[in-house]
Amino acid sequence: QVQLVESGGGLVQPGGSLRLSCATSRGIFSTYTMDWYRQPPGKQRAFVASIDIGGGATYADFTEGRFTISRDSAKNTVLLQMNSLKPEDTAVYYCHVYHHVIGRDLWGQGTQVTVSS
């Protein structure tokens, strides 16, 4: 079954931290690069970070060294640790995979991150 399920969002103050997770199947986890995107209110969806099956990571410039993407192979889960959060990080965060076998993008339902005092 093809499925991406995000969790971990919430309301935090500026300077705080959150850890997002994206749970998927073993087959997807072990085969594909996995990505995080975000969509701030009133703006288009933007790339945040990706991690390939070997653990190589890529980050958008705006993460500024504050974010870390990783894989938990025991749980078939991709994590996004976010530290030193800023109000401009407020967005719905989505997990993404391009599934080559079925030929389309797969998206999770999204998890809301709100950074506000």
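Below is a summary of the structure that appears in this document.

What about the overall build of the protein chain?
For step 1, the next point in the chain: Within the protein chain one finds one helix and 11 strands.
For step 2, the next point in the chain: Its helices and strands taken in sequence order, the protein chain reads β-β-β-α-β-β-β-β-β-β-β-β from the N to the C terminus.
For step 3, the next point in the chain: In terms of overall dimensions, the protein chain is globule-like: its C-alpha atoms have a radius of gyration of 14 Å, near the 13 Å expected for 117 residues.
For step 4, the next point in the chain: In terms of principal-axis extent, the alpha carbons of the protein chain reach across some 45 × 25 × 25 Å.
For step 5, the next point in the chain: Counting only residues that meet the buried cut, the protein chain has 40% of its 117 residues in that class.

Some points on the side chain of Glu6
For step 1, the next point in the chain: Following the sequence through the fold, Glu6 ends up in strand 1 (residues 5–7).
For step 2, the next point in the chain: Here Glu6 occupies a buried position and makes no salt bridge, while the nearest side chain of opposite charge, Arg45, is found at 7.5 Å.
For step 3, the next point in the chain: Among the polar contacts made by the side chain of Glu6, one reaches the main-chain amide nitrogen of Cys95 at a distance of 2.7 Å.
For step 4, the next point in the chain: A polar contact of 2.9 Å, which involves the side chain of Glu6, links it to the backbone nitrogen of Gly110.
For step 5, the next point in the chain: Setting aside its immediate chain neighbours within four residues, Glu6 contacts Ser21, Cys22, Trp36, Tyr93, Tyr94, Cys95, Gly108, Gln109, Gly110 and Thr111.

A short note on the packing of aromatic side chains
Within a pair of aromatic rings, the relevant descriptors are the distance that separates the centres and the angle that separates the planes.
For step 1, the next point in the chain: On inspection of all chains with the given rule, the structure shows three aromatic pairs.
For step 2, the next point in the chain: Ring geometry for Tyr37 and Trp107: centres 5.2 Å apart, planes at 70 degrees, overall edge-to-face. Here Tyr37 is found in strand 4 (residues 34–39), whereas its partner Trp107 is found in strand 10 (residues 104–107), with 70 residues between them in sequence.
For step 3, the next point in the chain: On the accessibility criterion, Tyr37 (21% relative accessible area) is partly exposed.

Cut-offs applied
- Residues numbered from 1 in each chain as written.
- Predicted model: local features only at pLDDT ≥ 70, side-chain atom pairs only at ≥ 80, totals over all residues.
- Heavy atoms only, no water.
- Helix = DSSP H or I, 4+ residues; strand = E, 2+ residues; numbered from the N terminus.
- Rg over C-alpha atoms; globule rule 2.2 N^0.38 Å.
- Buried < 20%, exposed > 50% of the residue type's maximum accessible area, 1.4 Å probe, protein only.
- Lys, Arg positive; Asp, Glu negative; His and termini not counted.
- Salt bridge = Lys/Arg side-chain N within 4 Å of Asp/Glu carboxyl O.
- Polar contact = N/O pair within 3.5 Å; in protein donor to acceptor, adjacent residues only side chain to side chain.
- Contact = heavy atoms within 4.5 Å.
- Phe/Tyr/Trp six-rings, centres within 6.5 Å; stacked < 30°, edge-to-face > 60°.

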